[in-house]
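Descriptive structure summary
Below are the chains, spelled out letter by letter.
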Amino acid sequence: KNEVEQSPQNLTAQEGEFITINCSYSVGISALHWLQQHPGGGIVSLFMLSSGKKKHGRLIATINIQEKHSSLHITASHPRDSAVYICAGFSNSGYALNFGKGTSLLVTP
Amino acid sequence: NAGVTQTPKFQVLKTGQSMTLQCAQDMNHNSMYWYRQDPGMGLRLIYYSASEGTTDKGEVPNGYNVSRLNKREFSLRLESAAPSQTSVYFCASTRQGISYEQYFGPGTRLTVT
């Protein structure tokens, strides 16, 4: 069973569009990672957050621990943003991340 | 810094063969992880090593063994490969535990026929 659900599973956008990817979790977590997996397979960490909002360039991540929900926003999307975006939650008492299945994003010129 | 390196990048095995996937990090991280990624599923933890000298089972440890050789290296061994172990394997490291940024290796694509 997957305790972390992402939506949408697949997303196609035109260059310049504002994009939102959602992550909901059924169990209590204390914080959450957002990861990006490139078409070639490599995985990089984008954010880790436990409250509020973080911004890095055109990427913004928000989290509401009480509502068990996080969002990743991409402003002014670009074809190079095409990738799979993965959220992963964890609790401070745990040892492992609970990964979502990922959202596959394609940004067309 | 090379970050997290994995070898090999690709491997094809026959059922019953054994092999070891190698992982090394040069960031002086304490914690290391082995994950597998299968189509339609999230990354799943196979084994982890919270610190040098310790290893523990994750969500899907059956059919695998690990060795934390030293602080830098964490290997994953398949003693008798099965087709169900066809997957992409990722090694990752963090400074100390899951609340720190995860650094991933490039992955090993394993096919068991």
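The structure this text deals with has already been given above.
Quick summary incoming for the structure in this document. The shown structure was predicted, so the numbers you read here are calculated from the model rather than taken from an experiment.

1. Structural notes on the overall build of chain B
For chain B, the count of helices and strands is zero helices and 11 strands. Secondary structure elements in chain B, listed N-terminal to C-terminal, are β-β-β-β-β-β-β-β-β-β-β. Taken over the C-alpha trace, chain B has a radius of gyration of 13 Å; the compact-globule value for 113 residues is 13 Å, and the two agree within 12%. For chain B, the spread of C-alpha atoms along the principal axes amounts to about 35 × 30 × 25 Å. Here chain B, with 113 residues, has 49% of them falling under the buried criterion. Counting contacts in chain B only where the partners sit at least 6 residues apart, residues at least 24 apart contribute 56% of the total. Looking at chain B as shown, the accessible area adds up to about 5200 Å², and 48% of this sits on carbon and sulfur atoms. The centroid of the 11 positive side-chain charges in chain B is displaced by 5 Å from the centroid of its 8 negative side-chain charges.

2. Quick look at the pattern of salt bridges
Following the criterion strictly, the structure yields four salt bridges over all chains and no others. Sharing partners across several salt bridges, the network here consists of Arg-36, Asp-38 and Arg-44 of chain B.

3. Remarks on unusual backbone geometry
Among all residues except glycine, the phi angle is most often negative; among peptide bonds, the trans geometry is most common. A cis amide bond, omega -10°, links Ser-7 of chain A with the succeeding residue Pro-8 of chain A. By secondary structure assignment, the location of Pro-8 of chain A is in the loop between strand E1 (4-7) and strand E2 (10-14). That bond from Thr-7 of chain B to Pro-8 of chain B is cis: its omega, -5°, falls within 30 degrees of zero. Within the element layout of this structure, Pro-8 of chain B appears in the loop between strand E1 (4-7) and strand E2 (10-13). Non-glycine residue Ala-76 of chain A carries a positive phi angle of around 45°. Looking at Ala-76 of chain A, the relative accessible area reads 45%, which means it is partly exposed. Here the phi dihedral of Asn-28 of chain B falls at roughly 60°; this positive angle occurs in a residue that is not glycine. Here Asn-28 of chain B lies in the loop between strand E3 (19-25) and strand E4 (31-37). Overall, Asn-28 of chain B belongs to the exposed group, its relative accessible area being 55%.

4. A short note on the state of the cysteines
All names here are of chain A. For the structure shown, the criterion picks out two disulfides over all chains. Note on cysteine connectivity: Cys-23 is disulfide-linked to Cys-87, with sulfurs 2.0 Å apart. As the torsion about the S-S bond is roughly 80°, the Cys-23-Cys-87 disulfide counts as right-handed. On the criterion of sequence distance, the pair formed by Cys-23 in strand E3 (residues 19-25) and Cys-87 in strand E9 (residues 83-90) is long-range, its members being 64 residues apart. Each member of the pair, Cys-23 as well as Cys-87, is classed as buried.

5. Examining the sheet that holds E1 of chain A
Residue and element names in this part refer to chain A. Reading across from one edge, E1-E3-E8-E7-E6 is the order of the five strands in this open sheet, with antiparallel pairing throughout. The open sheet has two free edges, formed respectively by E1 and strand E6 (52-56), since each of these has just one partner strand. Strand-to-strand twist across the sheet, computed as the mean angle between neighbouring axes with direction ignored, equals 15°. Pairing of E6 with strand E7 (residues 59-64), which is carried by five bridges, proceeds in the antiparallel orientation. Along E7, the bridge assignment pairs Lys-53 with Thr-62.

What counts, and at which threshold
Residues numbered from 1 in each chain as written. Chains lettered and ligands numbered in written order. Predicted model: local features only at pLDDT ≥ 70, side-chain atom pairs only at ≥ 80, totals over all residues. Heavy atoms only, no water. Helix = DSSP H or I, 4+ residues; strand = E, 2+ residues; numbered from the N terminus. Rg over C-alpha atoms; globule rule 2.2 N^0.38 Å. Buried < 20%, exposed > 50% of the residue type's maximum accessible area, 1.4 Å probe, protein only. Contact = heavy atoms within 4.5 Å. Areas by Shrake-Rupley, 256 points an atom, 1.4 Å probe, with all protein chains shown as cover. Lys, Arg positive; Asp, Glu negative; His and termini not counted. Charge placed at Lys NZ, Arg CZ, Asp CG, Glu CD. Salt bridge = Lys/Arg side-chain N within 4 Å of Asp/Glu carboxyl O. Disulfide = S-S within 2.5 Å. Pairing = 2+ DSSP bridges. Axes fitted to C-alpha atoms, helices over the stretch in contact; angles between N-to-C directions.

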